[in-house]
Every structure is written in C-alpha cells, then in structure tokens.
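# Descriptive structure summary
If you want the building blocks of each chain, they are given just below.
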Amino acid sequence: MSDQNPYEKLGVSEEASFDEIQDARNRLFEQHGGDAKHLEVIEAAYDAILMDRLRMRQEGKIKVPERIRFPELRVQSPPKESPTPREQSPAWLQRMLDQPTPADILLPGAWFLGLSSISLFYPEGGQQVLQLALVVGVGTSIYFLNRKEGKFGRAVLFTLISLIIGLIAGGLVASWLLPQISFITLGTNQFSTVVTFILLWLVSSFLR
C-alpha cells in the first residue's frame, strides 16, 4: 500500500469530487476502525489529496468549495454570528424620526409642562390665556424642530399639523370623557389644549 499514490490509497480517481473523496475516507475509517496504523495511512492520504487540491486551486486549475478544510487549517475558526435580520422601517419614516438626546426630550418637556400647568389651573373663562399659551407652544415647537436641522418650513408644517390634530382629537376626547368623570372640573378647551401640548412635545422631541 506504501507504493500507491494518495488517490489509490483511498480508492478514488484523480478526477473524484471532494464529496467522493470524503465518502471514501469515511468508509475506510469505518472498515479499519480498530487499526491505528491503517487510520494513520488513510488520514495521511486524505491530507495529501487536500494539499494537492489546494495547490491546484492556487494555480487556478480547479475551484474548491468553501466548506473544504485543508490540513494547514485544522484549527476551526469560531462560527460567524449571522446578523439578525432587522425589520427596516420605510425610508420616509427614517428621515422623519430622530434619536433625541435626554436634553432634546427634557428641555421641550419642561416648556410644555409649564404651558400645560397654566392651561389646567387657569379658570375656564380665560380664553385669551389659553390662546396665548397655544401661541407660545407653537413657537416653542417650531424653535426646537428648527434647531435640529435648520429647516424652518418643515418645522412650521409639522407644528401646524400637530396643532390641528391635537385640538381636534382633544376636543373629541374631552366631549366623550369629561361628562363621564364628574370629579374633573376641566373645560373642553383646557383639555384639548393640554392634549395639543403633549402632541407638540412628542413632535418637537422625536421628529426632525
């Protein structure tokens, strides 16, 4: 058996595929499982074939599958972690959403909290105060939005949309909720104003 070339030792032709070579090696291992000398010869022949295939690959004569491990690469590299597929949000939403810092959240929050306090604790009859608070809230929202990217028109548009949605949604919720809660003495305008300030805070903090 020592006079045979590696292919003959494994009982395969020189044109055999890698699957055929590996199958032959595994089959001989099973046949000579208790003979260490034979196993050493089989392993040496298998390594010699892989080295020959590596040389041929480097010379561009064959293409070797990536799953084949050559003798000089016996140390198995740790498996690469397959990246977890992330659900990508739409591009238009990514352009609108911001990743605010704590200051971007707390500073507008302090302003709108103060304006909400004025709206809540001021008598219902003071419509001018509510209107003035809304004007200040609109200016606050425009300022913080414009400060992020310097797009004044965009900041005005987002603020006006939020103002309209907040007033409409707040009025609808107030007309349904307030009659059911007798211990709350808020008026509809006060409630809708506070809802609007909450929406303006969310927009000025988390949009850009």
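Residues numbered from 1 in each chain as written. Predicted model: local features only at pLDDT ≥ 70, side-chain atom pairs only at ≥ 80, totals over all residues. Heavy atoms only, no water.

### Regarding the packing of aromatic side chains
Throughout the structure, instances matching the rule amount to 3 aromatic pairs. Aromatic pair Phe112 and Phe197: ring centres 6.1 Å apart, planes at 40°, arrangement tilted. Placement of Phe112 in helix H5 (residues 102–121) and of Phe197 in helix H8 (residues 188–206) is noted, with a sequence separation of 85 residues between them. For Phe112, a relative accessible area of 2% corresponds to the buried category. Each ring, one from Tyr143 and one from Phe144, has its centre 5.1 Å from the other, and the planes form 75°; the classification is edge-to-face. (Phe/Tyr/Trp six-rings, centres within 6.5 Å; stacked < 30°, edge-to-face > 60°. Helix = DSSP H or I, 4+ residues; strand = E, 2+ residues; numbered from the N terminus. Buried < 20%, exposed > 50% of the residue type's maximum accessible area, 1.4 Å probe, protein only.)

### Some details on H5
Helix length check: H5 (20 residues) gives 28 Å between terminal C-alpha atoms against 28 Å at 1.5 Å per residue, within 8%. Those residues of H5 that fall on the buried side of the exposure criterion are Asp104, Pro108, Gly109, Phe112, Leu115, Ser116 and Ser119. On its buried side, H5 packs onto helix H6 (127–149) and H8. (Expected span 1.5 Å × (residues − 1). Contact = heavy atoms within 4.5 Å.)

### Some points on empty space enclosed by the protein
For the structure on display, the rule yields 1 cavity of 30 Å³ or more. Its boundaries defined by the atoms lining it, the largest cavity holds a volume of some 50 Å³. For the largest cavity, the full set of lining residues is Leu145, Asn146, Glu149, Gly150, Lys151, Arg154, Ala155, Phe158 and Arg208. Every element with two or more residues in the lining of the largest cavity is listed here: H6 and helix H7 (152–177). Across the lining of the largest cavity, the residue classes tally to 3 nonpolar, 2 polar and 4 charged. (1 Å grid on protein atoms, 1.4 Å probe; cavity = no way out; pocket = protein on both sides within 12 Å on 5 of 7 lines; lining within 4 Å. Points joined across faces, edges and corners; volume = space filled by probe spheres on them. Nonpolar A, V, L, I, M, F, W, Y, C, P; charged D, E, K, R; others polar.)

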